[in-house]
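The lines below spell out each chain.
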Amino acid sequence: MLQIDGLGVRYGATPVIEDLTWTVGTSGSVLTALLGPSGCGKSTLIRAVAGLEPISGGRIRFDGTDLAGVPAHRRDFGVVFQDGQLFGGRTVSSNIAYGLKMRRWSRPAIRARVDEMLELVRLPGYAERRVEELSGGEAQRVALARALAPRPRLLLLDEPLAALDRLLRERLAIEITEIVRAADTPTIMVTHDHTEAALMADTISVMREGALVQTEAPEQLWLRPADEWTARFIGVTTVLDAEVADGRAATALGETTIEAPDGHVRLGLRPESVRATPAGDHTSDGVVVSVADLPSGRRVRVTADVGDVEAVTSDAVAIGEHVLLNLVPERVAVIGR
Ligand SMILES: Nc1ncnc2c1ncn2[C@@H]1O[C@H](COP(=O)(O)OP(=O)(O)OP(=O)(O)O)[C@@H](O)[C@H]1O
């Protein structure tokens, strides 16, 4: 288990991480996503955990042992960066064997482990390929095999999919999840993409400007974001005031059932939290200003009294059409509760 208390990291005089506290690997969680916008300090945090960045304050412990003074290569952590950083001019097997040779594994043990890793990352038969001949996705799988080969206590993945195209990213995201679960290696994965985080992780930690704002299972994060910034970062497009009484919330877009104590709350709406239907003879809630047909269904933008609202619809509504807006109770987030 990784335990970080009051961590500080600075570049020169500039603090990038200040007083950060984080516990990873409790309650059976294998894969934790570290999710945050570009420049918030995710890579810096991962590098500090790996021992690649000096810390200016606080403590990093693993299984109770303080890592201060433990150099990177003695931490037994595996690291995969965005571009894999394979050793060029060498074969796949020589890359995967690298950490095992450092640890003085016997030749037969190394050979067996390399084969096992190639099976795990689904590249059997690739042992003698030179790394220059690999595609981007293959190279990242080799980097993963190299990191996992010495059986690390913790695996750190710093945006391992960022350089790949979208289709490959999604496929490899799911593959990596299966691989680290099969290896049963606690893993932290850095990403700025909340869909990627949800595809892979069983716990998501949200980072903002050098601090952690929330650590939660994905479903809880979607339904109970800690604050408005977090809500918007994970896809909320409309924030709505509501008054709750007896499990029902009254809002400018009508009533909905909600699990929240009585009183004032703010609700976070994603497009799929609101359903638009043609108003017909009813008094409309707003007018459609744009329509987009996405793979997941039709998305509309509606100008309403509460401002512009993104919504989904299964009707053939057109721009300029008057619509009714209804909340979808199980898709409505409560902010800050
Ligand atoms: N070696 C360095 N020297 C000085 N400043 C740095 C250095 N590395 C990073 N920074 C700065 O520290 C801040 C955090 O950078 P970091 O790379 O940790 O963010 P990140 O969340 O990983 O971003 P991204 O998602 O874009 O990779 C940024 O403002 C960055 O410009």
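Residues numbered from 1 in each chain as written. Predicted model: local features only at pLDDT ≥ 70, side-chain atom pairs only at ≥ 80, totals over all residues.

For the protein chain, an unreviewed UniProt entry supplies the name ABC transporter ATP-binding protein and the organism Gordonia prachuapensis.

(A) How the structure looks around the overall build of the protein chain. The number of helices and strands found in the protein chain is 8 helices and 20 strands. Its C-alpha atoms give the protein chain principal-axis dimensions of roughly 80 × 45 × 35 Å. By sequence separation, contacts in the protein chain at least 24 residues apart represent 66% of the contacts at least 6 residues apart. (Helix = DSSP H or I, 4+ residues; strand = E, 2+ residues; numbered from the N terminus. Contact = placed C-beta atoms within 7 Å.)

(B) Inspection of the sheet that holds strand 2 (residues 14-24) at higher detail. One open sheet accounts for 4 strands, arranged 2-1-4-5; its pairing is antiparallel. This sheet does not close on itself; its edge strands, each paired only once, are strand 2 and strand 5 (65-66). Where strand 1 (residues 2-11) meets strand 2, 7 bridges bridge the pair, whose relative direction is antiparallel. Bridge pairing links leucine 2 to valine 24 in strand 2. Contacting strand 1, strand 2 and strand 4 (57-62), helix 1 (residues 42-50) runs over the sheet at an angle of about 115° to strand 1. (Pairing = 2+ DSSP bridges. Axes fitted to C-alpha atoms, helices over the stretch in contact; angles between N-to-C directions.)

(C) View of the environment of aspartate 63. Relative to the elements of secondary structure, aspartate 63 occurs in the loop between strand 4 and strand 5. Separated by 62 residues in sequence, aspartate 63 and methionine 1 place their C-alpha atoms 5.0 Å apart.

(D) The arrangement of helix 2 (residues 92-102) in detail. Those residues of helix 2 that fall on the buried side of the exposure criterion are Val92, Ser93, Asn95, Ile96, Ala97, Gly99 and Leu100. Taken together, the buried residues of helix 2 touch helix 3 (107-120) and helix 4 (136-148). Downstream of helix 2 by a residue or two, arginine 104 has a phi angle that is positive, lying close to 60°. (Buried ≥ 20, exposed ≤ 12 C-beta atoms within 10 Å, placed from the backbone.)

(E) Region of interest: the confidence of the model for the protein chain. Looking at the protein chain, the pLDDT average stands at 93 and 100% of residues meet or exceed 70. Predicted complex metrics record ipTM = 0.94 and pTM = 0.90. (pLDDT = per-residue confidence, 0-100.)

(F) Region of interest: the sheet that holds strand 20 (residues 333-335). Strand order in the open sheet formed by 5 strands is 13-12-11-14-20, with antiparallel pairing between adjacent strands. Sheet topology places strand 13 (254-257) and strand 20 at the edges, where each strand pairs with a single neighbour. Each adjacent strand pair in this sheet contributes to an overall mean axis angle of 40°, direction not counted. Bridge analysis of strand 12 (residues 248-251) against strand 13 gives 4 bridges, and the strand direction is antiparallel. In the strand pairing of strand 13, alanine 250 is matched with glutamate 255.

(G) Structural view of the nonpolar core. Grouped together as the largest cluster of nonpolar side chains are 93 residues, with contacts concentrated most on Leu144, Ala145, Leu156, Met189 and Leu267. In terms of domain composition, this core takes at least three residues from each of domain 1 (2-229) and domain 2 (236-335). In this structure methionine 189 touches Leu31, Ala33, Leu34, Leu157, Met200 and Ala201, once residues within four positions along its chain are discounted. (Core = buried A, V, L, I, M, F, W, Y, C linked by C-beta atoms within 7 Å. Domains from an automatic or database assignment.)

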